[in-house]
Amino acid sequence: MFLRLRYPILALLLLGLAACGGDDGGPSAAAEPPLETSVEARDAALNCTEFSNPDRPPVLLVHGTFTSGTEQHTAFYTPQLVERGFDVCIVTYPDRGLGDMQVSAEYIVHALREIHAETGRKVAMIGHSQGALMPRWAIKYWASAREALADFVLIAGPNHGTDISFPATLGETLFEALGLNMLPVGGVPAVFYQFPPGSDFIAALNAGDETPGDVDYTNLYTTFDELVQPVAPEPTAALDLGKDNPRVANILLQDVCPGHPAEHLTIGTTDTLAFALALDAISNPGPADIERAGGASELCGLVPMDLESLLMPERAADLLEIVSDTLGNLPPELHLTSGEPPLKPYAEADAP
């Protein structure tokens, strides 16, 4: 039931071989920054179901660091959305998100352009962790990406950086947790320098309008997130905090359901409360609305993890897709460096 692929999954191997290529965005992209990544790599990174539901927005799913698109989204979000009549696309940006987020953002630009052009419909995008933060770069600096997008659901996105993300700390912690702590000498992956609150990337990203375009933004986050901190008093995941922007909803899951157990991984993979709010956002005008989604009484009655959907026999095919995609994404380039990647010329005006 999973993806009827527009691009063969094994073509993801091209990501590791990508050379610089020209922009294929057409006349509307003429005044935008050129895409430096190759068209072949960007095409290979995008996989979609058939576009057969014209009454609903196509949904683009964006994964977090250390994983790939199909690894994160095959088993839960894709089948849940397909069952509800949505066309679904998954994008996998390079090297499990260890490289420069300015480069990864080009894959989001390309995906939004392609889906919008092929369907004639505006896209709803759901991203988790880096997949919530990094696409904002695409939205900020490419008008064609903003114009293709109707809704953006950001789940556990460190939108203003994270206090625990200083490269030495985060790199050591995460790589040890993943059993990858025996790193070659030469620094830590480039992306870790872009996560701290004081990074040039975060400063440029949040300079001026935090929520550009005619886009509805829903930010979902959890008290128990071990990576995206702080949650209080000013949550780093929130956008336009305190501005009463009708296009923005900042929702702490524990404000809806006290004690809700979601942490950084589950909030963006199997958490049914986050999914219900995301579904409400992409199914209706405006950002997510708690009452419209069922209210606390209904939402808090959801089982935190939909085990039945994860154990259905059809998931066997999903697992084969995951294995295939994993083989196509190993080993990633680590992008080891001793400092933050410099801002691209188009973003230098927003430097601190």
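Everything quoted here is computed from the prediction, not taken from an experiment. (Residues numbered from 1 in each chain as written. Predicted model: local features only at pLDDT ≥ 70, side-chain atom pairs only at ≥ 80, totals over all residues. Heavy atoms only, no water.)

1. Here we look at the overall build of the chain
Within the chain, the secondary structure is distributed over 15 helices and nine strands. A total of 352 residues make up the chain; the buried ones form 56% of that total. Contacts in the chain between residues at least 24 apart in sequence constitute 80% of all its contacts with a sequence separation of at least 6. (Helix = DSSP H or I, 4+ residues; strand = E, 2+ residues; numbered from the N terminus. Buried < 20%, exposed > 50% of the residue type's maximum accessible area, 1.4 Å probe, protein only. Contact = heavy atoms within 4.5 Å.)

2. Here's the deal with the pairing of strand S2 (residues 59-62)
Across the two faces of S2 the burial is the same, with Val59 and Leu61 and Leu60 and Val62 all buried. Note: S2 against strand S3 (residues 88-91), four bridges, orientation parallel. Bridge pairing in S3 links leucine 61 to isoleucine 90. Strand direction decides the pairing type here: S2 and strand S4 (residues 123-128), joined by four bridges, are parallel. (Pairing = 2+ DSSP bridges.)

3. Quick look at the side chain of serine 104
Residue placement: serine 104 occurs in helix H4 (residues 101-119). You can call serine 104 buried: its relative accessible area is 3%. Ignoring any residue separated from it by four or fewer positions in sequence, one finds serine 104 in contact with Tyr93, Pro94, Gln130 and Met134.

4. Considerations on helix H12 (residues 272-283)
Taking 1.5 Å as the rise per residue, H12 with 12 residues should run 16 Å; its terminal C-alpha atoms sit 16 Å apart, in good agreement. Those residues of H12 that sit buried are Thr272, Leu273, Ala274, Phe275, Ala276, Leu277, Ala278, Leu279, Asp280, Ala281 and Ile282. The backbone nitrogen of leucine 273 has a side-chain oxygen 3.3 Å away, supplied by the residue at the start of H12, namely aspartate 271. (Expected span 1.5 Å × (residues − 1). Polar contact = N/O pair within 3.5 Å; in protein donor to acceptor, adjacent residues only side chain to side chain.)

5. Description of the packing of aromatic side chains
Summed over the entire model, instances satisfying the criterion amount to 10 aromatic pairs. What links up through ring pairs into an aromatic cluster is the set Trp137, Tyr141, Trp142, Phe201 and Tyr346. Cation over ring: arginine 56 sits above phenylalanine 86, and NZ or CZ is 4.8 Å from the ring centre. (Phe/Tyr/Trp six-rings, centres within 6.5 Å; stacked < 30°, edge-to-face > 60°. Lys NZ or Arg CZ within 6 Å of the ring centre and 35° of its normal.)

6. Description of the state of the cysteines
The tally for this structure, following the rule as stated, stands at two disulfides. Here cysteine 48 connects covalently by a disulfide to cysteine 89, the sulfurs 2.0 Å from one another. The S-S bond linking cysteine 48 to cysteine 89 shows a torsion near 110°; that makes this disulfide right-handed. Placement of the pair is cysteine 48 in strand S1 (residues 46-48) and cysteine 89 in strand S3, with a sequence separation of 41 residues. Cysteine 89 shares its class with cysteine 48; the two are buried. The disulfide partner of cysteine 257 is cysteine 300, and the S-S distance across this bridge is 2.0 Å. (Disulfide = S-S within 2.5 Å.)

7. Description of empty space enclosed by the protein
Enumeration according to the criterion identifies one cavity of 30 Å³ or more in this entry. Put simply, the largest cavity is a space of about 40 Å³. Residue contributions to the lining of the largest cavity peak at three residues, all from helix H6 (residues 135-141). Taken together, the residues that form the lining of the largest cavity break down as four nonpolar, no polar and four charged. (1 Å grid on protein atoms, 1.4 Å probe; cavity = no way out; pocket = protein on both sides within 12 Å on 5 of 7 lines; lining within 4 Å. Points joined across faces, edges and corners; volume = space filled by probe spheres on them. Nonpolar A, V, L, I, M, F, W, Y, C, P; charged D, E, K, R; others polar.)

8. A few points about the sheet that holds strand S7 (residues 216-221)
In any sheet, the strands associate via hydrogen bonds between backbone groups, in a parallel or an antiparallel arrangement. Overall, mixed pairing links the seven strands, which are arranged S1-S3-S2-S4-S5-S7-S8 in an open sheet. Looking at which strands have only one partner, the edges of the open sheet turn out to be S1 and strand S8 (248-252). Ignoring strand direction, the axes of neighbouring strands in this sheet form an average angle of 15°. The sheet contacts of H4 involve S1, S2, S3, S4 and strand S5 (149-155), and relative to S4 the element is tilted by about 150°. (Axes fitted to C-alpha atoms, helices over the stretch in contact; angles between N-to-C directions.)

9. Regarding the pattern of salt bridges
According to the stated counting rule, one finds six salt bridges in the structure shown. A salt bridge links arginine 121 to aspartate 87; its shortest N-O distance comes to 2.9 Å. Here arginine 121 is found in the loop between H4 and S4, whereas its partner aspartate 87 is found in the loop between helix H3 (77-83) and S3, with 34 residues between them in sequence. With relative accessibility at 13%, the residue arginine 121 sits in the buried group. Salt-bridge contacts for aspartate 280 lead to arginine 292; the nearest nitrogen and oxygen are separated by 2.8 Å. With aspartate 280 in helix H12 and arginine 292 in the loop between H12 and helix H13 (295-299), this residue pair connects regions lying 12 residues apart in the sequence. (Salt bridge = Lys/Arg side-chain N within 4 Å of Asp/Glu carboxyl O.)

10. A word on the nonpolar core
One broad rule of soluble globular proteins: the nonpolar side chains tend to lie buried together. Among the nonpolar cores identified, the biggest contains 48 residues, and Leu60, Val91, Leu112, Met125 and Trp137 are the most heavily contacted of them. Broken down by element, this core gets its largest block of residues, eight residues, from H4. Aside from chain neighbours lying at most four places away, what touches methionine 125 is Leu60, Val62, Ile108, Leu112, Pro135, Ile139, Leu149, Asp151, Phe152 and Val153. Formed by 33 residues, the second largest nonpolar core is a distinct cluster that contains Ala124, Leu253, Leu273 and Leu277. (Core = buried A, V, L, I, M, F, W, Y, C linked by side-chain atoms within 4.5 Å.)

Any functional reading would require information that these geometric values do not contain.
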